[in-house]
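# Notes for the structure review
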Amino acid sequence: MGASEGSDTMGTRTDRRQSGELESEVLAVLWAADEPLVAAQVQQALGPRLAYNTVQTILTRLHAKGAVSREAAGRAHAYRPVLDDNGLTARQMRALLDRGTDRAAVLRRFVDELAGPDGDVLAELLAQAHRSTPNPPPAAVSSAPSGLES
Amino acid sequence: MRLDVYVPVLAALLMGVAVRPLARLLPPGIGFRVLVAVGLISAAGWVWTLGLLAWTAVGQIPLVARYGGWSVPVLQADNPVAAPIAYTAAAALAVVTVLVARASIRRLRAVAHSWKLARSLAPAGGGELVVLPDPTVEAFALPSFDRRCRGHIVVTAGMLRALDPAERRVLFAHERAHLDGAHHWWLLAAQLTAAANPFLVRLPATVDHLLERAADETAATAVTDRCLAARALARAGLAALHHPPAPARGIALAYTGSTTEARITALLAPPPQSHRALLAILVMTVALVVVSAADAGRDLETLFELAMHTRG
């Protein structure tokens with residue numbers, strides 16, 4: 001009895017963790033988009049890994065948490081990300097980054113020092129990574145960075 | 001005592017030289033643990049040796065000898081350590097103490113700062129992802145010092161837009177690897193170790209690089225595609241060139257191999273293999289150092305006991 005209870009809590013912990021990770025992915029899609037998205041669009045962006053219902057559930061949960069806002073879009077809801085605390089967090093983070101806190105405590109940056117200042121090496125490596133991938137990702141998403149520059 | 005007291009010093013010196021070759025030879029996930037552990041032991045052995053050497057001089061101070069109840073002449077007669085060496089060791093020990101104290105205060109202050117920040121984030125939405133609405137391209141892991149939450153992944157909107165959904169999964173997996181592995185504590189340990197043992201000056205930067213590599217490898221495993229992981233890193237790097245992040249590094253960790261390009265190249269190569277023989281050699285070296293240090297300590301104890309008995 002005790003053992004089965006133990007495995008149950010382990011199970012819910014894994015589930016909770018997994019759903020937390022999915023929430024991050026869905027939220028990221030909304031942040032990367034220029035306009036509010038309906039569930040179908042979010043699911044399309046994420047690919048066939050997630051069922052429509054799963055995406056819908058995650059969006060509802062994010063809305064309940066106040067991480068996204070929604071508006072009517074035809075018969076569905078369109079979702080957009082919400083700045084929590086009127087951007088207070090963002091300001092604090094920005095201050096942290098600009099202040100230059102010790103790396104050990106916080107800053108483990110994804111992309112750090114770059115060797116070539118012009119990015120030639122990076123571009124070549126990116127091309128190599130594409131060559132060695134069997135099926136490259138859909139082209140729709142690779143146009144995303146150019147949208148940022150506008 | 002005559003010779004084995006110097007074994008930890010020699011080991012500390014060798015370790016300083018071996019830091020980078022070891023980092024190259026070991027797979028990153030094992031490498032940073034081994035380097036920090038061995039570095040810590042070698043630093044402890046080095047401080048222990050300094051203490052033993054210094055004590056042979058301190059024990060000869062009349063006031064100390066009277067308090068301890070041993071004979072200074074006997075001690076002088078049998079002392080295997082030359083006075084200049086003992087005085088140098090005492091001075092070095094004083095310097096090391098100051099360095100470690102200073103480093104500890106500085107690091108702990110930084111930890112406290114990020115702890116405060118992580119705590120202020122905890123109630124907001126409860127999610128792991130924190131998005132900064134600005135066009136710069138940045139992402140980092142902010143560890144939480146709270147049992148309920150591992151920490152947060154802080155990303156700019158610019159970074160999210162630069163990557164496609166699959167690449168974002170690499171990014172998230174990379175940052176989660178930092179949080180799950182408590183990588184900040186490992187780097188902190190490396191920094192304090194380097195403060196205690198000046199020979200290990202390269203340790204923090206090397207460990208730092210290995211932590212990034214380890215997180216890259218974990219992310220590549222999580223998405224089951226090394227090329228995808230390499231692509232995410234290259235894409236983020238290119239985007240970061242167009243929207244450079246603010247220069248925000250408290251300490252510059254210069255490690256020429258730690259560039260993003262080197263990490264991408266490593267991901268495009270086959271996964272790193274472990275070297276059992278190398279690990280065995282390391283374990284034996286560590287055992288030798290520990291035995292020598294203990295033996296030297298026992299010898300010194302015997303010397304002082306002799307000085308106590310002869311006195312009476």
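See the structure above.
Here's what I pulled together on the structure shown here. The structure presented is a predicted model; accordingly, all values stated were derived computationally and were not measured.

As a further point, take the overall build of chain B. Tallying secondary structure elements over chain B gives twelve helices and three strands in all. Burial statistics for chain B: of 312 residues in total, 49% are counted as buried.

Once that is clear, we can look at the sheet that holds strand 1 (residues 37–38) of chain A. Two modes of strand pairing occur in sheets, parallel and antiparallel, and in both the strands are linked by backbone hydrogen bonds. Residue and element names in this part refer to chain A. The antiparallel open sheet is built from three strands, whose spatial order is 1-3-2. Bordering the open sheet on either side are strand 1 and strand 2 (68–73), each of which pairs with just one other strand. Sheet strands touched by helix 3 (residues 52–65): strand 2 and strand 3 (76–81). Its angle to strand 2, the strand with the most contacts, is close to 120°.

This part takes up the packing of helix 1 (residues 7–25) of chain B against helix 2 (residues 28–58) of chain B. Residues and elements named next belong to chain B. Look at helix 1 against helix 2: their axes get within 8 Å of each other, and the N-to-C directions meet at 160°. Considered as vectors, helix 1 and helix 2 are oriented roughly antiparallel to each other. Crossing of helix 1 against helix 2: the hand is left-handed. Each of Pro8, Val9, Ala11, Ala12, Met15, Val19, Leu22 and Ala23 in helix 1 lies in contact with helix 2, whose residues at this interface are Gly31, Leu35, Val38, Gly39, Ser42, Ala43, Gly45, Trp46, Trp48 and Thr49. Its residues assigned to classes, the contact of helix 1 with helix 2 comprises 13 nonpolar, five polar and no charged.

For valine 283 of chain B, the position within the fold is in helix 12 (residues 276–311). A sequence separation of 245 residues divides valine 283 of chain B from valine 38 of chain B, and the C-alpha atoms of the two residues are 8.7 Å apart.

Helix geometry: helix 1 of chain B is bent most strongly at alanine 18 of chain B, by close to 50°, with proline proline 21 of chain B lying one to four residues after it. Taken together, the buried positions of helix 1 of chain B are Val7, Pro8, Ala11, Ala12, Met15, Val19, Leu22 and Ala23 of chain B.

With that settled, consider the packing of helix 9 (residues 203–222) of chain B against helix 11 (residues 260–268) of chain B. All names here are of chain B. Contact geometry for helix 9 and helix 11: axes closest at 11 Å, N-to-C directions at 40°. With respect to each other, helix 9 and helix 11 are oriented oblique. Crossing hand, helix 9 versus helix 11: right-handed. Each of Glu212, Arg213, Asp216 and Ala220 in helix 9 lies in contact with helix 11, whose residues at this interface are Arg263, Ala266 and Leu267. Grouping the constituent residues of the contact of helix 9 with helix 11 by class yields three nonpolar, no polar and four charged.

Take the environment of leucine 59 of chain A next. Residue and element names in this part refer to chain A. By the secondary structure assignment, leucine 59 is in helix 3. Judged by C-beta crowding, with 24 C-beta atoms within 10 Å, leucine 59 ranks as buried. Note: C-alpha distance between leucine 59 and alanine 28 (31 residues apart in sequence) is 12 Å. Apart from the residues within four sequence positions on either side, leucine 59 is in contact with Val26, Ala39, Val42, Val68 and Tyr79.

So, on to helix 5 (residues 120–131) of chain A. Given a rise of 1.5 Å per residue, twelve residues ought to cover 16 Å, and the 17 Å separating the end C-alpha atoms of helix 5 of chain A matches this to within 8%. Taken residue by residue, helix 5 of chain A has Val121, Leu122, Leu125, Leu126 and Ala129 of chain A as its buried positions. The arc that holds the buried residues of helix 5 of chain A, viewed along the axis, is 135°, so those residues lie on one side. Exposed and facing more than 90 degrees away from the buried side of helix 5 of chain A are Asp120, Ala127 and Arg131 of chain A. In the core, the buried residues of helix 5 of chain A are packed alongside helix 10 (226–242) and helix 11 of chain B.

Conventions adopted
Residues numbered from 1 in each chain as written. Chains lettered and ligands numbered in written order. Predicted model: local features only at pLDDT ≥ 70, side-chain atom pairs only at ≥ 80, totals over all residues. Helix = DSSP H or I, 4+ residues; strand = E, 2+ residues; numbered from the N terminus. Buried ≥ 20, exposed ≤ 12 C-beta atoms within 10 Å, placed from the backbone. Pairing = 2+ DSSP bridges. Contact = placed C-beta atoms within 7 Å. Axes fitted to C-alpha atoms, helices over the stretch in contact; angles between N-to-C directions. Parallel < 35°, antiparallel > 145°, perpendicular 65-115°, else oblique. Left-handed = near helix turned anticlockwise from the far one by under 90°. Nonpolar A, V, L, I, M, F, W, Y, C, P; charged D, E, K, R; others polar. Bend = angle between axes of the 7 residues up to and from the residue. Expected span 1.5 Å × (residues − 1). Arc of directions from axis to C-beta.

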